[in-house]
Amino acid sequence: AGLQGNSQDYTTKCPLCSTKFVPTFRVQCTSQSFMGSRGPGTPLICERLSPWVLEKELRIKMADWDGIDDLLDSAWREKETKNAILWWNLILAFMRYRIPFTYLLQGNFGKNLIIPMPQDDAS
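1. As for the environment of Pro51
Next, step 1: Tracing the sequence through the fold places Pro51 in helix H1 (residues 51–62).
Next, step 2: The partly exposed category is assigned to Pro51, whose relative accessible area is 33%.
Next, step 3: Separated by 38 residues in the primary sequence, Pro51 and Asn89 place their C-alpha atoms 8.9 Å from one another.

See below:
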């Protein structure tokens, strides 16, 4: 049960019933210009990627990068939703392993509160 060590598998398995599903989380920001899943000012719904899938997807993206500056540039995240999902999964991975991540934010959000959180079943 749980995440599998397979970079091709985006699902996890319920430990109780063995049903496979794609876990999600949402990111909320107080900025009205924050681009969410339903437009500016709305939460961004992200698929939760396993460490193996995250590594694979970042390696694919890094092949197109000129350097770390692309990852730190907010325009890269805004270019396509997949980039934003990769970036927020990277933030969650850093949080999970207690790796400092504030340098990834680098003033892109000013004093706005950003909270990655599990998706509420009611929404």
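From this point, the narrative continues.
2. A short note on the packing of aromatic side chains
Next, step 1: The tally for this structure, following the rule as stated, stands at one aromatic pair.
Next, step 2: Note on Trp87 and Trp88: the rings are 4.7 Å apart at their centroids and 85 degrees apart in plane angle, and the pair reads as edge-to-face.
Next, step 3: Trp87 gets classed as buried once you look at its relative accessible area, which sits at 0%.
Next, step 4: On the basis of relative accessible area, Trp88 is assigned to the buried category, the value being 2%.

3. A closer look at the nonpolar core
Next, step 1: By size, the foremost hydrophobic cluster in this structure holds 25 residues, and its most contacted members are Val27, Leu44, Cys46, Leu71, Trp87, Trp88 and Leu104.
Next, step 2: Elements supplying a minimum of two residues to this core: strand E4 (24–29), strand E7 (44–47), H1, helix H2 (68–72) and helix H4 (81–96).
Next, step 3: Here the element with the most residues in this core is H4; it accounts for 10 residues.

What counts, and where the lines are drawn
Residues numbered from 1 in each chain as written. Predicted model: local features only at pLDDT ≥ 70, side-chain atom pairs only at ≥ 80, totals over all residues. Heavy atoms only, no water. Helix = DSSP H or I, 4+ residues; strand = E, 2+ residues; numbered from the N terminus. Buried < 20%, exposed > 50% of the residue type's maximum accessible area, 1.4 Å probe, protein only. Phe/Tyr/Trp six-rings, centres within 6.5 Å; stacked < 30°, edge-to-face > 60°. Core = buried A, V, L, I, M, F, W, Y, C linked by side-chain atoms within 4.5 Å.

Shape is all these values report; function is a separate question.
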